[in-house]
Amino acid sequence: MIKSKNQGHWIVILLIFISIQSSCFARAATTYFQLKVYHFQTTEQEQVIDRFLEQAYLPAMHKLGFKEIGVFKPIDNKDKTDKLVYVFSASTNLEKFASLDADILKDKRYLASGKEYLDAVHNYAPYSRIETILMKAFEGMPFLSLPKLKSAKSERVYELRSYEAPTEKLSANKISMFNNGEIDIFNKLNFNAVFYGQVIAGSTMPNLIYLTTFENMTERDAHWKAFGPLYKPMADLPQYQHNVSKNVTTLCRPTDYSDI
């Protein structure tokens, strides 16, 4: 009888251990994405931001375990007053983003290499504002995928899209649409998607953001032309109506020093 009780005791402990391990795995089996958006106006500001990102920020992020950092800029930046630089990073550990601001300041090389940017005076700031967007990967593509492109970075087109929805429920409906067929269409046509993310902290919620990449503008246009006929039957289904209220599309190119 004692032996039986002991066996039962260890079985319970084993089940608890398996449950904990399964829970940890479930939490790890996704990716969180951060998209920092630098807003600036002048060429001088852009040069300071570029030097900071290339010489200080990316090396420091790599040391902290962030393997691939994407840096890209809208193609039409020169035509706008509010110019942008996007900085993209990913981690399977959400806590790494929560502690990032403190952790990166422990890097002496980062502090020295980024001095021009970090110690900028109040009336000569290298940007007007920084926007930070935090996302969680879709179930249909839970991890980052590096684009398989051969063209020069100066020719590539990175298409960043944000789909805003009228309500949280309709945004979840659009995400379900991606997970249950739309991502498959993108994969079939080789859109070279880098990520699909549900925004969990940002300024235009509820929304989702995703990034597809192309060799050049001609290839980009051809891909979207082929997409329409495959997507239309799904888009016409009654359960997927009115789940996007605003589509913000930004065509970008990666910087020379971008990892992605």
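Residues numbered from 1 in each chain as written. Predicted model: local features only at pLDDT ≥ 70, side-chain atom pairs only at ≥ 80, totals over all residues. Heavy atoms only, no water.

## A closer look at the overall build of the protein chain
Summing up its helical and strand segments, the protein chain has 8 helices and 8 strands in all. Taken across its 260 residues, the protein chain has 43% of its residues classed as buried. Taking all contacts inside the protein chain whose residues are at least 6 apart in sequence as the whole, residues at least 24 apart take part in 81%. Summed over its atoms, the accessible surface of the protein chain is roughly 14,400 Å², and 56% of this surface lies on carbon and sulfur atoms. (Helix = DSSP H or I, 4+ residues; strand = E, 2+ residues; numbered from the N terminus. Buried < 20%, exposed > 50% of the residue type's maximum accessible area, 1.4 Å probe, protein only. Contact = heavy atoms within 4.5 Å. Areas by Shrake-Rupley, 256 points an atom, 1.4 Å probe, with all protein chains shown as cover.)

## Notes on the nonpolar core
Grouped together as the largest cluster of nonpolar side chains are 24 residues, with contacts concentrated most on Y38, F52, L53, Y57, V85 and V87. For this core, the secondary structure elements donating two or more residues are β1 (32-40), α2 (43-63), β3 (83-91) and α4 (100-104). The element best represented in this core is α2, accounting for 9 residues. Apart from the residues within four sequence positions on either side, Y38 is in contact with I49, F52, L53, K83, L84, V85, V87, Y117, Y127, R129 and I130. Core analysis: the second largest hydrophobic core is formed by 22 residues, L189, A193, F214 and F227 among them. (Core = buried A, V, L, I, M, F, W, Y, C linked by side-chain atoms within 4.5 Å.)

## Here's the deal with α2
In this model, α2 (21 residues) spans 29 Å end to end at C-alpha, consistent with the 30 Å of a helix rising 1.5 Å per residue. Where α2 bends most, at L53, the angle is about 45°. For α2, the full list of buried residues reads Q45, V48, I49, D50, F52, L53, A56, Y57, L58, A60 and M61. Packing partners of the buried residues in α2 comprise β1, β2 (70-74), β3, α4, α5 (108-113) and α6 (115-118). Following α2 by one or two positions, G65 has its phi on the positive side, about 100°. (Expected span 1.5 Å × (residues − 1). Bend = angle between axes of the 7 residues up to and from the residue.)

## As for helix α7 (residues 168-188)
In this model, α7 (21 residues) spans 29 Å end to end at C-alpha, consistent with the 30 Å of a helix rising 1.5 Å per residue. Approximately 55° is the largest bend angle found in α7, and it occurs at N179. Along α7, the positions that sit buried rather than exposed are S171, K174, I175, M177, F178, G181, E182, I183, I185 and F186. Residues of α7 that are buried in the fold lie against β5 (157-164), β6 (195-201), β7 (207-214) and α8 (217-235). Just past α7, the residue N190 takes up positive phi, approximately 60°.

## A closer look at the pattern of salt bridges
For the structure on display, the rule yields 12 salt bridges. Note that D119 and K115 form a salt bridge whose closest N and O atoms lie 2.8 Å from each other. Using a relative accessible area of 47% as the deciding quantity, one classes D119 as partly exposed. Across the pair R220 and D221 runs a salt bridge, and its minimum N-O distance is 3.0 Å. (Salt bridge = Lys/Arg side-chain N within 4 Å of Asp/Glu carboxyl O.)

## Notes on the pairing of β2
On any regular strand, side chains alternate: one points to one face of the sheet, the next to the other face. Burial runs high along β2: 5 of the 5 residues are buried. Alignment of β2 against β3, held across 3 bridges, turns out to be antiparallel. Across the sheet, residue V71 finds its bridge partner in β3, namely V87. Inspection of the sheet shows β2 paired to strand β8 (residues 246-254) by 3 bridges, in the antiparallel sense. Paired with F72 across the bridge in β8 is P254. (Pairing = 2+ DSSP bridges.)

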